[in-house]
Amino acid sequence: MADEEKLNPKQKKEIAKWFLLNAPAGEIHYVAKDVKAILEGDEEVYESAASEAFPVHNKSHMICLDLPDRSGEVILTSFSEVGKNEYLDPRTAQVAIVDHVKQVCTDVRPASDEELLSPYIEEFRCALDAEVIKYVSEAYPKGFCSVYCTNGKDVDGPGSDFEFVTVISAARHSPQNFCNGSWRSIWNIDFKDEEQIVEVRGKLQVGAHYFEEGNVQLDSQHECNDSTVFQSPEDSATTLISIIHHHETEYLASLEASYLNLSDTTFKDLRRKLPVTRTLFPWHNTRQISLTRDLSKELGVNK
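**So, the nonpolar core**
Phase 1 of the analysis: Counting 34 residues, the largest nonpolar core has Leu 128, Val 132, Phe 162, Phe 164, Ile 168, Trp 183 and Phe 191 as its most contacted members.
Phase 2 of the analysis: Among the secondary structure elements, those contributing two or more residues to this core are α4 (119-139), β7 (143-151), β8 (162-174), β9 (179-192), β10 (197-210) and α5 (233-260).
Phase 3 of the analysis: Counting 14 residues, the second-largest nonpolar core is a separate cluster that includes Ala 32, Leu 39, Val 45 and Tyr 46.

**What about the pairing of β8?**
Phase 1 of the analysis: With 10 of 13 residues buried, β8 lies mostly within the body of the structure.
Phase 2 of the analysis: Alignment of β7 against β8, held across eight bridges, turns out to be antiparallel. Within β8, the position partnered with Ser 146 by the bridge is Val 167.
Phase 3 of the analysis: From the end of β8 to the start of β9, which pair antiparallel, there are four residues, and Phe 178 there has a positive phi angle of about 60 degrees.

**Considering the packing of aromatic side chains**
Phase 1 of the analysis: Under the defined criterion, the tally for this structure stands at 15 aromatic pairs.
Phase 2 of the analysis: When the centroid spacing of 5.6 Å and the interplanar angle of 70 degrees are considered together, the rings of Phe 124 and Phe 191 count as edge-to-face. One end of the pair, Phe 124, is in helix α4; the other, Phe 191, is in strand β9, and 67 residues separate them in sequence. Per residue, the accessibility class of Phe 124 equals that of Phe 191, and both read buried.
Phase 3 of the analysis: One aromatic cluster is present, formed by Tyr 120, Phe 124, Phe 162, Phe 164, Phe 191 and Phe 230 through successive ring pairs.

**A few points about a nonpolar patch on the surface**
Phase 1 of the analysis: A cluster of nonpolar residues, Leu 7, Ile 15, Trp 18 and Phe 19, forms a patch on the protein surface that exposes about 400 Å² of accessible area.
Phase 2 of the analysis: Looking at the secondary structure, you find Leu 7 in the segment before α1 (9-21).
Phase 3 of the analysis: Judged by its relative accessible area of 42%, Leu 7 is partly exposed.

**A closer look at the sheet that holds strand β5 (residues 94-99)**
Phase 1 of the analysis: Spatially, the four strands line up as an open sheet ordered β3-β4-β5-β6, and their pairing is antiparallel. Of all the strands in the sheet, the pair left with one neighbour each is β3 (81-83) and β6 (104-110). Recorded for the sheet is a direction-independent mean angle of 35 degrees between the axes of neighbouring strands.
Phase 2 of the analysis: Where β3 lies against strand β4 (residues 86-89), two bridges are found, and the strand directions are antiparallel.

Conventions adopted
Residues numbered from 1 in each chain as written. Predicted model: local features only at pLDDT ≥ 70, side-chain atom pairs only at ≥ 80, totals over all residues. Heavy atoms only, no water. Core = buried A, V, L, I, M, F, W, Y, C linked by side-chain atoms within 4.5 Å. Buried < 20%, exposed > 50% of the residue type's maximum accessible area, 1.4 Å probe, protein only. Helix = DSSP H or I, 4+ residues; strand = E, 2+ residues; numbered from the N terminus. Pairing = 2+ DSSP bridges. Phe/Tyr/Trp six-rings, centres within 6.5 Å; stacked < 30°, edge-to-face > 60°. Patch = residues over 30% accessible without salt bridge, like charges linked within 9 Å, V, L, I, M, F, W, Y side chains within 5 Å. Areas by Shrake-Rupley, 256 points an atom, 1.4 Å probe, with all protein chains shown as cover. Salt bridge = Lys/Arg side-chain N within 4 Å of Asp/Glu carboxyl O. Axes fitted to C-alpha atoms, helices over the stretch in contact; angles between N-to-C directions.

Treat this as a map of the structure, not an account of what it does.
Given below as structure tokens:
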């Protein structure tokens, strides 16, 4: 047999990245340890793969890190990213410098004027943020949330459009019980001044991993749309949270319903109802099957 073709460093790096990027919530460091072992001490390949994979993984899972001075938290998302390894916390008006591989904030600096919002936009953001905090504290005990302005941050009064993104991230890691799970929801909220309407687009993601004597993963996504009228900051925030609460509750209910029917629907569909012969296997008289007779003959059974 010919020797197996050896992988070059670039191929090794891409394979290592794939494993890191696809690590379930809360498990990337376990995966990284195994990837290191597979690479057999090739630190250069590992460091290169990790430096590219960890930032993408951390942002896609919207992990939350404590600020160095314990003054707050920062959620790692593409919406909070203001520079390489720099992420804005709108509540404290600070920018955290992050070590993605270690998943820690190494430093913090005040946000610059260019990174902050106008007083008019900040009033809307703060009102919505306060309602989101209240909602998340009740719905997701271990959840984190934030509101970012993605368009129109310099608008200084009525007459122009602007857009917010509200992110909610919650995770429960219990590796000692062989399970981890996460909830992520992203709500794009588009304030249209001329039409006096607010359009809402939501993307919800649920992930779960059970690995006790097996390996079962859930990766579910759901998208939804809604709208409401343009109101004052406080009234808009109250209405928007009602919309978010409605859609997230509805999605959770649909997931629970699907689990209750799992054994009667999905699992049954995974099994072939009849063999390819379209007849049930005669367990009461297996000797009528030619394979049984052939095996008996070869093995000298019942002679």
